[in-house]
Amino acid sequence: MLVIDSVVPDPTRDSGSVRACQILQLLHADGWEISFLAGDGYASAGDIARLAALGVRYVDGHPLRWLRKNGHRLDAALLCRVPIATQYLGLVRQYAPRATVVFDTVDLHHLRERRAALLTGNRRLGRHAEQSRRRELAAISRSDVTLVVSADEQATLARELPGSRVELLSNIHEVHGRRQGFHARRDLLFVGGFGHPPNADAMHWFATDILPLLLADDPSITLHLVGDIDEASRRLLNREGLKIHGRVDDLAPLLDGCRLSVAPLRFGAGVKGKVNLAMSYGLPVVVTSVAAEGMHLTDGVDALVADDAERFAASVMRLYRDPELWMRLSDAALANVSNHFSVDLARRSLRGIFSRGTPSTDEA
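Residues numbered from 1 in each chain as written. Predicted model: local features only at pLDDT ≥ 70, side-chain atom pairs only at ≥ 80, totals over all residues. Heavy atoms only, no water.

Q: For this particular structure, what's the right way to read the nonpolar core?
A: Among soluble globular proteins, nonpolar side chains are generally buried collectively. Of all hydrophobic cores here, the largest spans 65 residues; its most connected members are Leu 188, Phe 206 and Leu 225. Considering every element that reaches this core, the biggest residue donor is helix 8 (residues 197–217), with ten residues. Aside from chain neighbours lying at most four places away, what touches Leu 225 is Phe 190, Gly 192, Phe 194, Met 203, Leu 237, Leu 242, Lys 243, Ile 244, His 245 and Gly 246. Counting residues in hydrophobic clusters, the runner-up holds 30 residues, among them Ile 23, Leu 27, Leu 78 and Val 145. (Core = buried A, V, L, I, M, F, W, Y, C linked by side-chain atoms within 4.5 Å. Buried < 20%, exposed > 50% of the residue type's maximum accessible area, 1.4 Å probe, protein only. Helix = DSSP H or I, 4+ residues; strand = E, 2+ residues; numbered from the N terminus. Contact = heavy atoms within 4.5 Å.)

Dropping the structure here:
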């Protein structure tokens, strides 16, 4: 199998990388010989070592040159994200004619971009979203199988392209379990790199409209912000009640020590790895409807859901102060990840997705 993604996945960088690494590990465990090409042509020594630990070989060189030499031996090709699928789908068809071509959308880019355009009133972004939609639908129609991460996206594509094979392969998380109780915790957590526009918008909205309401109620509360953040945003968000960590190698201490996680996303698509991650540690979450989409969440059962600043702040304080509600949502969070986002569920899905091809014993 050949896998092509925009960059080498790094689980400390983004939730898409967490999913990508889990997919690679599961495919290797099922006997696939996997070669990986990065669309940007770059891999550090650490990137190559990380792939090797997953049983994957990094291919250093031009993708076209590699396909000309090795394409005839491929049983499958996994193309991740619409720019990669647009660029390489035709080449894979040409040089790997017997390969099953699978397009992993990661999320429907055009849906996220359209929502951002509606939120901001940006017409240029709206036109770009329509261009992305046409490219995504074209890639889906030319692929043997398309992967989406939520049932909502699967239903959307069933309406748009009813003849295409679209399979659900959502986020993949180990269930780590709750390792601290309510009273041993304090503060709030947000995980998300600012290279992803929904995260940057969410934190600017939180800092401007929600955080002042929380501090007026409880001045001791701090939001811990984790993820890659540019210097301009760092300066803009520098204020009382917000601690910026940047990227951290080990999130466990914060996941075990914070009392709840927030996901104040106002636009986006797919499923939200930051929400999955928190819930896999039994950390209750307060989310917007956008963040809850595709996550199998019910307000008051698995999470608290609120869409305006006042209700969001009130939901945070309610959960922050109620040990009984906190424990109930913590238990439901762990069950949610186990039922909908587990490694075993992903393994079964992958076996069904790639059942039409047989792994080769040749070195790819």
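This is not the end of the story, as more comes after the structure.
Q: Quick question: what am I supposed to make of the environment of Tyr 95 here?
A: If you trace the backbone, Tyr 95 turns up in helix 4 (residues 82–95). Its relative accessible area of 21% is what places Tyr 95 among the partly exposed residues. Other than its neighbours up to four places away in sequence, Tyr 95 contacts Leu 64, Leu 67, Arg 68, Gly 71 and His 72.

Q: Is there a simple way to think about the side chain of Arg 165 in this case?
A: In this structure, Arg 165 sits in the loop between helix 7 (151–160) and strand 7 (166–168). A distance of 3.2 Å separates the side chain of Arg 165 from the backbone oxygen of Gly 352, its partner in a polar contact. (Polar contact = N/O pair within 3.5 Å; in protein donor to acceptor, adjacent residues only side chain to side chain.)

Q: Help me out: how do you make sense of helix 15 (residues 343–353) in this one?
A: Among all positions of helix 15, only Val 343, Ala 346, Ser 349, Leu 350 and Ile 353 are buried. Buried positions in helix 15, seen along its axis, are confined to an arc of 120° and lie on one side of it. Next to the buried residues of helix 15 lie helix 1 (15–29), strand 6 (145–148) and strand 7. (Arc of directions from axis to C-beta.)

Q: Is there a simple way to think about the sheet that holds strand 5 (residues 100–104) in this case?
A: Hydrogen bonds between backbone groups are what pair the strands of a sheet, and the pairing can be parallel or antiparallel. The parallel open sheet is built from seven strands, whose spatial order is 3-2-1-4-5-6-7. Among the strands making up the open sheet, the edge pair consists of strand 3 (56–58) and strand 7. Ignoring which end each strand starts from, the neighbouring axes of this sheet average 25° apart. Here strand 2 (residues 34–38) pairs with strand 3 via three bridges, running parallel. When the sheet's bridge partners are listed, Phe 36 is paired in strand 3 with Tyr 58. (Pairing = 2+ DSSP bridges. Axes fitted to C-alpha atoms, helices over the stretch in contact; angles between N-to-C directions.)

Q: Is there a simple way to think about unusual backbone geometry in this case?
A: The bulk of non-glycine residues show a negative phi, and the bulk of peptide bonds are trans. A positive phi angle, close to 80°, is found at Arg 81, a residue other than glycine. If you trace the backbone, Arg 81 turns up in the loop between strand 4 (76–80) and helix 4. The backbone of His 296 shows a phi angle near 60°, a positive value even though the residue is not glycine. Note that His 296 resides in the loop between helix 12 (289–292) and strand 13 (304–305). By relative accessible area, which is 42% here, His 296 ends up partly exposed.

Q: Looking at this model, I keep getting lost on the sheet that holds strand 10 (residues 242–246). Mind explaining?
A: Taken together, the six strands give an open sheet; going across it, the order is 10-9-8-11-12-13, and neighbouring strands pair in parallel fashion. Either end of the sheet is taken by a strand with one partner, and the two such strands are strand 10 and strand 13. Bridge analysis of strand 9 (residues 223–226) against strand 10 gives four bridges, and the strand direction is parallel. In the sheet register, Leu 223 faces strand 10, and the bridge partner there is Leu 242. Strand contacts of helix 11 (residues 273–280): strand 8 (188–191), strand 11 (260–263) and strand 12 (285–287), with the helix running at about 160° to strand 12, the strand carrying the most contacts.

Q: What exactly am I supposed to notice about helix 11 here?
A: Since there are 3.6 residues in each turn of an α-helix, residues three or four apart along the chain are aligned in direction. Judged by how many residues are buried, helix 11 sits mostly within the fold: eight of eight residues are covered. Taken together, the buried positions of helix 11 are Gly 273, Lys 274, Val 275, Asn 276, Leu 277, Ala 278, Met 279 and Ser 280.

Q: What is the right way to look at the pattern of salt bridges in this model?
A: Two side chains with opposite charge may pair up if their charged atoms get near one another. One pass over the full model with this rule turns up 21 salt bridges. A salt bridge links Arg 347 to Asp 344, with the nearest nitrogen and oxygen atoms 2.7 Å apart. Separated by three residues within a single helix, Arg 347 and Asp 344 lie in helix 15, roughly one turn from each other. Classification of Arg 347 as partly exposed rests on a relative accessible area of 26%. Residue class for Asp 344 comes out partly exposed when judged on its relative accessible area of 44%. (Salt bridge = Lys/Arg side-chain N within 4 Å of Asp/Glu carboxyl O.)

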